[in-house]
Amino acid sequence: TESVRIYGDTRITGDLDADGDIVGVGGNLNCNIRTGPTNKVSTATCTSSYTLTGGGCQTTSFNNKDHHFYPSGNSYICQDDGQPLKAYAICCKIT
């Protein structure tokens, strides 16, 4: 069984249009999820036109107490000395 832990708080306010995009003041909010490689240190990075709004890490288990999950610039980083992880970055922009 795989577990996913999401750290942080992403709140988006607006109305949905017919395409499922969030329509807010000044345009539409478009988001995507970027993934990093599965490794003991994994980094998921938003493309330059998007802004990091949240993130998380996926692993099969958290056996080691020395794990770190945090945003850094436009990336989300997951690190665990004992288990491989996969980083996820939630990336958004207003169009």
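Everything here concerns the structure above.
Reading the values: rules and limits
- Residues numbered from 1 in each chain as written.
- Predicted model: local features only at pLDDT ≥ 70, side-chain atom pairs only at ≥ 80, totals over all residues.
- Heavy atoms only, no water.
- Pairing = 2+ DSSP bridges.
- Helix = DSSP H or I, 4+ residues; strand = E, 2+ residues; numbered from the N terminus.
- Disulfide = S-S within 2.5 Å.
- Buried < 20%, exposed > 50% of the residue type's maximum accessible area, 1.4 Å probe, protein only.

**Describing the pairing of strand β7 (residues 67-72)**
Right, on to step 1. As paired strands, β7 and strand β8 (residues 75-80) are joined by 6 bridges and run antiparallel to one another. Bridged to His68 within β8 is Gln79.
Right, on to step 2. What sits between β7 and β8 in their antiparallel hairpin is a turn of 2 residues, with Gly73 showing a positive phi close to 60 degrees.

**Description of the state of the cysteines**
Right, on to step 1. For the coordinates displayed, the defined rule picks out 3 disulfides.
Right, on to step 2. There is a disulfide in this structure between Cys31 and Cys92, and the S-S distance comes to 2.0 Å. Disulfide Cys31-Cys92: the torsion about the S-S bond is 110 degrees, which places it as right-handed. Of the two residues, Cys31 is situated in strand β4 (residues 27-35) and Cys92 in strand β9 (residues 86-94); the sequence distance between them amounts to 61 residues.
Right, on to step 3. Residue classification places Cys31 among the partly exposed residues on the basis of a relative accessible area of 40%.
Right, on to step 4. Assigning the bonded cysteines of the chain consecutive numbers by sequence position, one obtains the connectivity 1-6, 2-5, 3-4.

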